[in-house]
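Structural description and commentary
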Amino acid sequence: MDVGWVYTIQESMHAYAANVYTTVTEELSKDKERRFIAVEQEFFRLWWDTVATDSHKRQVRQLVKEGRLEFIIGGQVMHDEAVTDLDDEILQMTEGHGFLYETFGVRPQFSWHVDPFGASSTTPVLFALAGFNAHLISRIDYDLKDTMQKKKKLQFVWRGSPSLKEKQQIFTHTMDQFSYCTPSHLPFSNSSGFYWNGVALFPDPPKDGVYPNMSLPVTKETVHAYAQTMVENIKQRAAWFRTNHVLWPWGCDKQFYNSSVQFNNMDPLMKYINQNSKEFGVTVQYASLSEYFQAIYQTNLVWEVRGSEDFLPYSTEPYQAWTGFYASRNVLKGVARQASSQLHAAETLFTRYRISFPDGPVAKDWALDKLRALRWAVSEVQHHDGITGTESPKVADMYLQHLVQAMMGVEELLAALFLLPHNLDIPSILGSRHHRKGVHQILEQHVIVYNPLAWNITTIINVTVNFPNAAVFDDDGQPVPAQIQRSAQSNVTYDLFIVVDLGGLQHRKYSIKFSDKPCSGRSKCSRTYKAKGVLFERRRVQDWARTGRKLLPVLNECYKLMFDQDTNLLHSITYLEENRRVRMTQDFWEYHANGDVKAGPISDNYIFSANGSAVQAYKAVEMEIIPGKIVSEIRQYFYREESDKDYAYSITTRIPECFGTRLRCHRLEQTYSLGPLHLNTEVVLMTSTALKNNRTLHTDDNGYQMMKRPYRKFTNNTLARNYFPMVRTAYIEDDLSRLVLVSDRAHGVSSQANGQLEVMLHRRLWNNLAWNLGYNLTLNDSSVVRPTLWMLLGSISATSRLYQREAVELQHRPVIMPIDQPQRPWQEKEPRGSSPVRSVVLPPNLHLLSLNIPGWNYSSNHNIHLNHVHSGKGLRSEPDYDRVLLRIMHLFEEGEDPELSKPVTINLKDVLQGIGEVKVLEERSLTGTWDITSLQRWKWKTADNSETKNKRCWRCGDEDFTVTISPKEIRTFFIHFSPKNF
């Protein structure tokens, strides 16, 4: 059941989804042999909270206890695997698992990842870390699946991580060519077969219970023909697998909403086959997924091992490469990641607040409600028709609305956490203040800046202001280096760049003093540099016969960038550490898509099918350079036509200029502007270099690990099948140099020529395919998009040390919160000395993945919790505000860096002392529902006989909070802090 694809969640709940759970619950209760598996928790939780009666709830509890209703995956949604980020995949699983464990005491142990468009190798690693025993996928390349079928290789043990190897391997079952739906062809009827409840009807279910396309009923006259059809299909599938157990899925999308009709036809058909099993050579039974995998496990066969390679990209036919959705709905992809970042910041801040000020004025239930609303929205959009951009426009609007509303709620929470006094003895951050009288004053504004990372950072933030002159002061009243200039986005505002120094999980207040008059003499505002731009004449592409004659350098401590005044394009970058120059240009190209199905293959929400090679998307370029002391900024404007007044695309490049400070100079920040696009165009940022990469690139799987992507030639559709998803990172390299891009949202990337790295940033499409028109899936996206990429260039060893952390820092940039409007200055009655909270700092190769208060209330002891659940007492739990969930991830692969790839030993009590005193530490599975010491996953036999080594070094004694974290490990803990007394 798609959480949001063609229809909104509300429409689906009304038309069919609620009826699935109501009728399945009732029908399972009638017969002990019947089984049902449920996947996404969002629909189930909505049904449980708003539709289910007390009788239904009692029935469900009994069915779950007996294993006849089984929750599979157990996340909020069946998440996409190509364009989702690791943080959000873990979040949506944790939310679903927390509800299931608190409510029923069950922990999903199998996956049903049948519908995502390709399979990432990060997913099996996460499922193994969550305690799963087997994984199930379906959508992989049609030609690869055909080969695997013929060779009986659809089942294997997958070692998704090259560093974790057998420690987190998982048995994986690939669905055959019939995928996850019951085959519908009947040789004896014109109706679809095996779908007796027909097709769901929107907007309202039919009052008479008669749905369109209901299958021919099973009767004395039809049962033999039905049985023959079913048995033939079972035997066909059996030939593709190694055991005599065949998984035959009964159902499909939007099915079982009228399950009495389904079961009343399934029961007699199965009974007939079993009564005639000698004739048919087959017996059939209802089974849950765990029963199927248990049967496979008990065969004790030896299975082939698959390494860390993934199943991306994904094609269904020669001209249907599902690589377009990597870039579909760029705005939705950006807002989803922004919401995730805001959630992480708010979770860490609220956790600190609760531990430090348990009786503070920010109401804990109100705060948790705000966080849970954003958790729900961020989880929901990870659905494989959500963040992918493959939904209808009204569903895209629904996702955006849910995200924005929840973000506004969390914005209120952040403001409360920053501004309210923590208790009666401590003044608020605003202080006790009044306006100064009798003195004409310049205007003043205050901004709080919060670092949501557990690393100390020195970075540049940008605050948009309305005044041309400003001075910035920290919370000690000391002037702060800053720079002000005309805004890149507007002629009436200014960009104020401020250098901020922040400890891990630390926030500071900055004062900005504005004036209409420029600084004079040696005043305090002299630390703010007023930068002015130089505009270069527009250059026409047709005049580019001679280039490279007039090169203009822009330097910092890391790079020398050369810009060509004949073209207004980048010409080369030299990385100064090794004084190596790399020829490089950047501009925009576009693919033209075909919109007429009669004329050839089309592009749509899902599919990229270019109507030829990319062509240059502009005819003239303007450039403006703004030299600065904090940043130098290069603005390039690209015009579709030579005489156009408005530009179609732009690149704004910011180069940090802070000589002699702790600011790192290797990061070149770029923001782009694209749109509205012409119809049936797909626009790429083309970075063309002299690197000899042989058209090989590397892209990340979900921000967790890098995948090598060699260029491959195909009989058909080679261009589109060499596009890959980039969630956080992509790079190309040769023997000497590497060019890295890290991103604030997912894109499609490719290397179609030697030295080239193209990033698809935006698509706008329409076609006349009846299916797309019927469901409104043509992607006529007229939005303007403004994605950000950070660029690094250097040696392979230098960039290996940097890119993981850069990707994390881009995802979790400082939170900037203006806490008032520019106004006359306040006079503080009691000047507030600087007393920032203590920082929390991890080593540079460890990342604080999560620090939050989940709120789920269950005993850490499984048996105690089960007794509580089955007793039926107090089943509506109050949230647990004292349990803190901590996740730490090692960012590096084995052997990636001589130092940073080593295991790291830390004492968590010491690391977290800036928050409070750690009293209890217990290690848990990824989603928190298993005590790691009791988690015993199935050990599948493999051809190399690798034994699963699960030895972990931590907690050698009650008072020892030492943990050793190895490359690519993600470790999850429950922590209780000692209560603070004031």
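What you see is a predicted model; the values in this text were computed from it and never measured.

**Observations concerning the overall build of the protein chain**
The number of helices and strands found in the protein chain is 18 helices and 43 strands. Over its C-alpha trace the protein chain gives a radius of gyration of 30 Å, about what one expects of a compact globule, namely 30 Å for 982 residues. Going through the 982 residues of the protein chain one by one, you find that 61% of them count as buried. Of the roughly 38100 Å² of accessible surface on the protein chain, a fraction of 49% belongs to carbon and sulfur atoms. One finds the centroid of the 110 positive side-chain charges in the protein chain at a distance of 3 Å from the centroid of its 109 negative side-chain charges.

**Some points on the state of the cysteines**
Applying the stated criterion across every chain yields a total of two disulfides. The disulfide partner of Cys558 is Cys665, and the gap between their sulfur atoms is 1.9 Å. The sign of the 65° torsion about the S-S bond sets the Cys558-Cys665 disulfide as right-handed. Of this pair, Cys558 sits in the loop between strand 18 (551-555) and strand 19 (559-564) while Cys665 sits in the loop between strand 25 (649-656) and strand 26 (668-674); the two residues are 107 residues apart in sequence, bridging distant segments of the chain. Cys665 carries the same exposure label as Cys558, and that label is buried.

**Here's the deal with a nonpolar patch on the surface**
A cluster of nonpolar residues, Val597, Leu769, Trp771 and Tyr775, forms a patch on the protein surface that exposes about 320 Å² of accessible area. Tracing the backbone shows Val597 in the loop between strand 21 (580-592) and strand 22 (615-616).

**Side note on the UniProt feature "domain: Glycoside hydrolase family 38 central" (unreviewed entry) in the protein chain**
Mapped onto this numbering, the UniProt entry gives "domain: Glycoside hydrolase family 38 central" (unreviewed entry) at residues 320-403. Across residues 320-403, the secondary structure splits into 65% helix and 2% strand, with the terminal C-alpha atoms separated by 31 Å.

**Description of the environment of Ser120**
Structurally, Ser120 is set in the loop between helix 4 (86-104) and helix 5 (122-129). Exposure remark for Ser120: the relative accessible area of 0% places this residue in the buried category. For the pair Ser120 and Leu269, spaced 149 residues apart in the sequence, the C-alpha separation amounts to 38 Å. When residues no more than four places from it in sequence are discounted, the contact partners of Ser120 are Glu81, Trp158, Asp310, Leu312, Asp701 and Asn702. In terms of polar contacts, Ser120 uses its side chain to reach the side chain of Asp701, at 3.4 Å.

**Quick word on empty space enclosed by the protein**
Scanning the model with the defined rule gives eight cavities of 30 Å³ or more in all. By volume, the largest cavity is sized at about 270 Å³. Of all the elements in the fold, those that place two or more residues in the lining of the largest cavity are helix 4, helix 11 (330-356) and strand 38 (846-852). Among the elements that take part in the lining of the largest cavity, helix 4 stands out by supplying six residues, more than any other. A per-class count over the lining of the largest cavity returns six nonpolar, seven polar and six charged.

**Considering the sheet that holds strand 12 (residues 469-473)**
Spatial strand order, 12-15-10-36: four strands in an open sheet with antiparallel pairing. The two strands at the open ends of the sheet, each matched to only one other strand, are strand 12 and strand 36 (815-818). Along the sheet, successive strands turn relative to each other by an average axial angle of 25°, direction set aside. Docked against the sheet, helix 13 (residues 393-419) engages strand 10 (443-450), strand 15 (507-515) and strand 36, running at close to 75° with respect to strand 36.

**Side note on the pattern of salt bridges**
Taken as a whole, this structure holds 52 salt bridges when the rule is applied. Arg538 is paired through a salt bridge with Glu622; the nearest N and O atoms lie 3.1 Å apart. Of this pair, Arg538 sits in strand 17 (residues 534-540) while Glu622 sits in strand 23 (residues 620-626), and the two are 84 residues apart along the sequence. Arg538 sits in the partly exposed class, given a relative accessible area of 24%.

**Observations regarding the side chain of Asp604**
Relative to the elements of secondary structure, Asp604 occurs in the loop between strand 21 and strand 22. Salt bridges are absent for the buried Asp604, whose nearest opposite-charge side chain, Arg763, sits at 5.8 Å. A distance of 2.9 Å separates a polar atom in the side chain of Asp604 from the backbone nitrogen of Tyr606. When residues no more than four places from it in sequence are discounted, the contact partners of Asp604 are Arg763, Leu765, Asn767, Asn772 and Leu777.

**With respect to the side chain of His173**
Mapped onto the secondary structure, His173 falls in strand 5 (residues 170-174). There is a polar contact of 2.9 Å between the side chain of His173 and the side chain of Gln155. For His173, the contacting residues outside a window of four places in its chain are His135, Leu136, Ile137, Leu154, Gln155, Phe241, Leu247, Tyr292 and Phe293.

**Some thoughts on unusual backbone geometry**
A cis amide bond, omega 0°, links Phe202 with the succeeding residue Pro203. The residue after Leu312, namely Pro313, is reached through a cis peptide bond having omega -5°. Along the polypeptide, Pro313 turns up in the loop between strand 6 (305-306) and strand 7 (315-317). For Asn702, which is not glycine, the phi dihedral falls at a positive 60°. At Leu779, a residue that is not glycine, the phi angle is positive and equals roughly 60°. When you line up the elements, Leu779 lands in the loop between helix 15 (770-775) and strand 35 (788-794).

**Some details on the sheet that holds strand 39 (residues 884-890)**
Here four strands make up an open sheet; going across it, the order is 38-39-43-41 and the pairing antiparallel. The open sheet terminates on both sides in strands that have one partner only, identified here as strand 38 and strand 41 (918-924). Each neighbouring strand pair of the sheet contributes to a mean axis angle of 25°, computed without reference to strand direction. Bridging between strand 41 and strand 43 (residues 970-977) involves six bridges; their strand directions are antiparallel. By the bridge assignment, Glu922 is partnered in strand 43 with Phe974. Lying over the sheet, helix 11 contacts strand 38, strand 39 and strand 43, oriented at roughly 65° with respect to strand 38.

**Notes on the nonpolar core**
Membership of the largest hydrophobic core comes to 182 residues, with the highest contact counts inside it found for Tyr16, Trp112, Leu269 and Ile970. Counting residues per element, this core draws most heavily on helix 13, which supplies 13 residues. Apart from residues lying up to four places away in sequence, Tyr16 is in contact with Met1, Asp2, Phe43, Ala200, Phe202, Lys254 and Tyr257. Counting 58 residues, the second-largest nonpolar core is a separate cluster that includes Phe536, Val621, Leu691 and Leu697.

Rules used throughout
- Residues numbered from 1 in each chain as written.
- Predicted model: local features only at pLDDT ≥ 70, side-chain atom pairs only at ≥ 80, totals over all residues.
- Heavy atoms only, no water.
- Helix = DSSP H or I, 4+ residues; strand = E, 2+ residues; numbered from the N terminus.
- Rg over C-alpha atoms; globule rule 2.2 N^0.38 Å.
- Buried < 20%, exposed > 50% of the residue type's maximum accessible area, 1.4 Å probe, protein only.
- Areas by Shrake-Rupley, 256 points an atom, 1.4 Å probe, with all protein chains shown as cover.
- Lys, Arg positive; Asp, Glu negative; His and termini not counted.
- Charge placed at Lys NZ, Arg CZ, Asp CG, Glu CD.
- Disulfide = S-S within 2.5 Å.
- Patch = residues over 30% accessible without salt bridge, like charges linked within 9 Å, V, L, I, M, F, W, Y side chains within 5 Å.
- Salt bridge = Lys/Arg side-chain N within 4 Å of Asp/Glu carboxyl O.
- UniProt positions renumbered as here; feature names shortened; annotations may be inferred.
- Contact = heavy atoms within 4.5 Å.
- Polar contact = N/O pair within 3.5 Å; in protein donor to acceptor, adjacent residues only side chain to side chain.
- 1 Å grid on protein atoms, 1.4 Å probe; cavity = no way out; pocket = protein on both sides within 12 Å on 5 of 7 lines; lining within 4 Å.
- Points joined across faces, edges and corners; volume = space filled by probe spheres on them.
- Nonpolar A, V, L, I, M, F, W, Y, C, P; charged D, E, K, R; others polar.
- Pairing = 2+ DSSP bridges.
- Axes fitted to C-alpha atoms, helices over the stretch in contact; angles between N-to-C directions.
- Core = buried A, V, L, I, M, F, W, Y, C linked by side-chain atoms within 4.5 Å.

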